[in-house]
Amino acid sequence: MAKKPVGPQMILANCLREGRALFFGRDGAWHAEPALADVAEGDGLDALMAKARAFADANNVIDPVFIPAEQKDDHYYPAHIKHVMQAKGPSVRPDLGYQVSPDWERR
Amino acid sequence: MYAYDPYDKEIVNTRVEEFRDQVNRRLSGELTEEEFRPLRLMNGLYLQLHAYMLRVAIPYGTLSSVQMRRLALIARKYDKGYGHFTTRQNIQYNWPKLVDTPDILLDLADVEMHAIQTSGNCIRNVTTDQFSGATADEIADPRPYAELIRQWSTFHPEFSFLPRKFKIAITGAPSDRAAVKWHDIGLVVRKNDAGDIGFEVLVGGGMGRTPVIAKTIRDFIPEADLLGYLEAILRVYNEQGRRDNKYKARIKILVEALGSDTFADLVEKEWQTTRHHPIDVPEAEIKRIEAFFAPPPLEVLPEQDPAVDELAANNFLFHAFLKNNVRPHKVPGHVNVTISLKPHGGIPGDATDAQMDLVADLADTYSLGEIRVSHEQNLILPHVARRDLPELYEALSRSGLGTANVGLISDIIACPGLDYCALANARSIPIAQNLAKRFDDITRLQDIGELKVKISGCINSCGHHHAGHIGILGVDRKGEEVYQLLLGGSGAEDASKAQILGPGFDENGIVDAVETVVAVYLGERQDGEKFLETYRRIGADPFKEAVYEAH
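Residues numbered from 1 in each chain as written. Chains lettered and ligands numbered in written order. Predicted model: local features only at pLDDT ≥ 70, side-chain atom pairs only at ≥ 80, totals over all residues.

A. Seen up close, the overall build of chain B. The secondary structure content of chain B amounts to 18 helices and 20 strands. For chain B, the spread of C-alpha atoms along the three principal axes comes to 60 × 60 × 55 Å. Residues counted as buried form 53% of the 551 residues belonging to chain B. (Helix = DSSP H or I, 4+ residues; strand = E, 2+ residues; numbered from the N terminus. Buried ≥ 20, exposed ≤ 12 C-beta atoms within 10 Å, placed from the backbone.)

In structure tokens form, the structure reads like this:
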């Protein structure tokens with residue numbers, strides 16, 4: 001049986017159509033902005049993942065996984081640099097990715 | 001250049017429509033992600049950190065200007081205006097949408113390109129010397145053989161689900177510019193005492209977490225027996241390679257476990273069993289393929305050109321370009337020109353759509369419409385008249401493509417790293433950028449001379465760090481990017497594995513460490529000695545002492 005992740009976690013997945021990284025939000029929707037992500041730990045993890053999977057299938061979102069979260073100010077953000085990169089976009093192309101704006105692809 | 005026959009066209013077009021159907025079924029929910037993943041990977045479509053990534057095959061690194069313009073169009077129409085040329089002579093697009101990928105593949109098929117054999121546990125796109133057919137030092141142009149291997153391996157029913165991916169490289173010259181000793185199979189064109197063409201066959205090379213230099217299992221296999229012998233190697237690997245552990249599944253692990261002599265015996269036995277039923281490639285087909293790679297119709301011209309000499313005497317940067325980016329062609333009065341995709345501060349291997357269009361135009365004007373991609377992530381115009389160099393250099397410089405650093409310390413191989421890749425542990429590109437900026441002075445670069453820096457963002461080694469004169473490996477240490485420094489590798493005919501020097505560095509420390517290594521080299525080198533020669537003569541200790549004393 002897989003080991004349960006330790007500490008606060010958020011759920012990261014990808015949009016089926018575009019592949020973009022999405023975070024499972026407190027409102028039950030998927031968002032590009034990690035600050036909107038729902039966070040759980042310990043016994044709350046299974047319930048959060050079950051809810052996310054239900055919303056994933058309905059919204060063409062794939063491969064939901066837990067990622068470690070850390071609190072800054074009033075919000076949680078991805079803790080690991082890999083997931084920070086996913087939330088923002090490539091550090092070497094600041095003109096691309098969600099670091100430009102959450103809806104940069106549509107601008 | 002090779003041109004598709006009706007059979008090639010049919011299989012590629014059929015594959016496009018098959019994939020269109022698969023994408024539609026995935027989007028409608030008929031296929032699950034688990035069912036769809038292997039299908040998209042068979043078409044070169046990966047899911048990376050920010051988006052899908054489409055890897056397009058450039059067989060043996062040879063492109064026409066028409067194909068290059070199509071790559072530019074795809075970058076513009078479906079992506080974000082650029083593409084990334086890789087260490088396997090391919091191109092990757094970083095931002096395609098799933099729904100667009102069948103149309104991208106259709107646009108590629110229209111110019112005889114595809115994304116087959118760029119992913120999965122099959123025989124991957126064959127790679128070769130970027131100067132093939134245009135260099136005086138080769139015994140034979142390896143591209144007809146590479147094309148034959150492509151036709152044999154594409155959709156080969158027996159070898160479509162190997163234990164792991166399988167990479168073949170081939171060189172026609174004794175100077176190995178294709179890193180053949182770092183491949184699952186390396187082929188070196190040889191001539192025997194009777195003057196017949198054949199191949200030295202090396203097996204079991206590879207990078208990754210277990211770097212191994214390939215071993216010769218046959219000194220000479222006649223060209224007529226090439227496919228049969230390759231089939232015997234693949235069959236032994238397919239039957240005996242491990243499938244229980246993906247980290248132990250490459251052929252290098254099998255060859256190491258059995259010993260290369262035992263492995264060679266098994267291949268020989270298999271080959272002797274099957275060689276009486278040879279893979280019978282019709283002579284007409286061989287002639288058809290060879291005709292596409294006939295020597296270029298170039299007029300013999302004077303070796304020297306007064307206008308070139310005059311510009312070189314008066315323009316230091318052109319002089320450097322001439323020295324570093326230009327090498328002799330096999331036809332007198334012509335040269336191979338390497339276009340560096342390593343502008344200082346830029347992203348190694350990246351080219352914008354406008355740059356790709358420009359290279360296509362320049363290829364039409366100066367290089368018989370032909371372009372090559374090197375595994376060192378540069379582009380080559382293989383057939384340029386020496387007298388055209390001033391005009392060509394001017395056009396390249398105006399578009400940021402005139403960097404005169406080929407083979408020097410800023411001509412860095414770097415994988416996409418953690419900026420794009422889902423497998424990466426650390427960023428590679430910023431390290432390459434910072435190193436290139438640190439060594440920004442062309443006089444200093446030239447004084448340092450040949451020095452190959454290769455950077456990987458994880459142990460999978462797409463940045464070839466094991467083969468770097470200076471190799472850099474990014475690792476994850478408790479969520480922090482740490483960079484290990486390796487010295488003494490080579491991807492050439494004198495292949496060697498780089499060795500880790502000591503504890504790793506942060507992203508600033510690694511640049512300082514490289515500068516210290518260079519300083520030790522400059523202090524220790526003897527007349528005319530290149531970095532690797534000095535390292536091999538004095539060993540790692542002087543470098544280690546200086547780097548860790550300064551750290």
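B. The arrangement of the UniProt feature "domain: Nitrite/sulphite reductase 4Fe-4S" (unreviewed entry) in chain B in detail. Residue and element names in this part refer to chain B. Per the UniProt record, "domain: Nitrite/sulphite reductase 4Fe-4S" (unreviewed entry) is found at residues 119-272 and 412-548. Taken end to end, residues 119-272 is 31% helix and 18% strand, and its two terminal C-alpha atoms sit 32 Å from one another. With 37% helix and 18% strand, the stretch residues 412-548 has end C-alpha atoms that lie 24 Å from each other. (UniProt positions renumbered as here; feature names shortened; annotations may be inferred.)

C. Summary view of the domain arrangement of chain B. All names here are of chain B. As far as domains go, chain B holds domain 1 (6-110), domain 2 (135-292), domain 3 (306-398) and domain 4 (413-550). On a C-alpha basis, the centres of domain 2 and domain 4 stand 31 Å from each other. Tallying the contact residues gives eleven residues for domain 2 and eleven residues for domain 4. When the residues that make up the side of domain 2 that touches domain 4 are grouped by side-chain class, the tally is six nonpolar, two polar and three charged. (Domains from an automatic or database assignment. Contact = placed C-beta atoms within 7 Å. Nonpolar A, V, L, I, M, F, W, Y, C, P; charged D, E, K, R; others polar.)

D. Fine view of the packing of helix α1 (residues 6-28) of chain B against helix α4 (residues 101-110) of chain B. All names here are of chain B. Viewed as axis vectors pointing N to C, α1 and α4 meet at an angle of 175°, and their least axial separation amounts to 9 Å. For the element pair α1 / α4, the angle class is roughly antiparallel. Counted together, V12, N13, V16, F19, R20 and V23 of α1 and T101, P102, L105, L106 and A109 of α4 form the full contact between these two elements. Along the lines of polarity and charge, the residues of the contact of α1 with α4 split into eight nonpolar, two polar and one charged. (Axes fitted to C-alpha atoms, helices over the stretch in contact; angles between N-to-C directions. Parallel < 35°, antiparallel > 145°, perpendicular 65-115°, else oblique.)

E. Representation of the interface of chain B and chain A within the structure. In this assembly, 19 residues from chain B lie in contact with 21 residues from chain A. Each residue belonging to the side of chain B that touches chain A can be placed in one class, and the counts come to eleven nonpolar, two polar and six charged.

F. Spotlight on the nonpolar core. Of all hydrophobic cores here, the largest spans 179 residues; its most connected members are V203, I233 and V359 of chain B. Ignoring anything within four residues of it in the chain, the contact list for I233 of chain B reads I185, V203 and V267 of chain B. (Core = buried A, V, L, I, M, F, W, Y, C linked by C-beta atoms within 7 Å.)

G. Highlighting the environment of L408 of chain B. Residue and element names in this part refer to chain B. Following the sequence through the fold, L408 ends up in the loop between α13 (389-398) and β16 (413-414). Spatially, the C-alpha atoms of L408 and L445 are 6.4 Å apart, while their sequence positions differ by 37 residues. The contact partners of L408, leaving out residues within four places of it in the chain, are N324, L445, I448 and L451.

H. Broad picture of the pairing of strand β15 (residues 379-385) of chain B. All names here are of chain B. Of all seven residues in β15, six are buried; the element is thus mostly enclosed. Of the strand pairs in this sheet, strand β12 (residues 334-339) and β15 are connected by five bridges, and their pairing is antiparallel. Paired with I339 across the bridge in β15 is L379. Here strand β14 (residues 370-373) runs beside β15; their pairing, made up of two bridges, is antiparallel. Residue pairing for β15: R372 is matched across the bridge by I380. Linking β14 back to β15 in an antiparallel pair, the connection comprises five residues, with Q377 at a positive phi of about 70°. (Pairing = 2+ DSSP bridges.)

I. Up close: helix α12 (residues 353-366) of chain B. Between its terminal C-alpha atoms α12 of chain B stretches 20 Å, which fits the 20 Å expected from 14 residues at 1.5 Å a residue. After α12 of chain B finishes, the residue L368 of chain B shows a positive phi value of roughly 55°. (Expected span 1.5 Å × (residues − 1).)

J. Spatial organisation of the packing of helix α14 (residues 429-438) of chain B against helix α16 (residues 507-524) of chain B. Residues and elements named next belong to chain B. It is the contact of α14 with α16, at a shortest axis distance of 10 Å, that shows an interaxial angle of 45°. Taken together, the axes of α14 and α16 are oblique relative to one another. At the point where α14 passes α16, the crossing takes the right-handed sense. Contacts between α14 and α16 involve P430, I431, N434, L435 and R438 on the former and, on the latter, E507, I510, V511, V514 and E515. (Left-handed = near helix turned anticlockwise from the far one by under 90°.)

K. Seen up close, the sheet that holds strand β1 (residues 45-47) of chain B. Residues and elements named next belong to chain B. Pairing in this open sheet of five strands is antiparallel, and the strands run β1-β2-β5-β4-β13 from one edge to the other. In the strand order of this sheet, the two ends are held by β1 and β13 (350-352), each with one partner. Averaged over all pairs of adjacent strands, the angle between strand axes in this sheet comes to 30°, irrespective of strand direction. For strand β2 (residues 52-56) and strand β5 (residues 91-93), the ladder comprises three bridges, and the chain directions are antiparallel. Bridge pairing links L54 to Y93 in β5.

L. The sheet that holds strand β3 (residues 62-64) of chain B, seen in detail. All names here are of chain B. Pairing is antiparallel in the open sheet, where five strands are placed in the order β3-β14-β15-β12-β11. Two strands bound the open sheet, and with one partner strand each, they are β3 and β11 (326-328). Ignoring which end each strand starts from, the neighbouring axes of this sheet average 30° apart.

M. Highlighting the confidence of the model for chain B. In this model, chain B carries an average pLDDT of 96, and 100% of its residues clear a pLDDT of 70 or more. Note on the complex model: pTM 0.96, ipTM 0.95. (pLDDT = per-residue confidence, 0-100.)

N. How the structure looks around helix α8 (residues 260-274) of chain B. Residue and element names in this part refer to chain B. The end-to-end C-alpha distance of α8, which contains 15 residues, comes to 21 Å, matching closely the 21 Å that a straight helix rising 1.5 Å per residue would cover. If you check which residues of α8 are buried, you get F263, A264, L266, V267 and W271. Along the axis of α8, the buried positions cluster into a sector of 160°, meaning they face one direction only. In α8, the exposed residues that point more than 90 degrees away from the buried face are D261, T262, K269, Q272 and T273. Contact partners of the buried residues in α8: β9 (197-203), β10 (215-222), α6 (226-240) and α7 (251-258). (Arc of directions from axis to C-beta.)

O. Main features of the environment of A37 of chain A. All names here are of chain A. Along the polypeptide, A37 turns up in the loop between β3 (30-31) and α1 (45-58). Residues A37 and M10, 27 residues apart in the sequence, show an inter-C-alpha distance of 6.4 Å. Beyond its immediate sequence surroundings of up to four residues, A37 is in contact with M10, F23, F24, G25 and Y76.

P. Focus on unusual backbone geometry. All names here are of chain B. Backbone geometry at F155 places phi at a positive 60°, although glycine is not the residue there. With respect to the helices and strands, F155 occurs in the loop between α5 (143-153) and β7 (168-171). Here F155 falls in the partly exposed class, since 13 other C-beta atoms lie within 10 Å of it. A positive phi is found at K478, a non-glycine position, where the angle reads about 55°. Summarising the element assignment, K478 is placed in the loop between β18 (470-477) and β19 (480-487).

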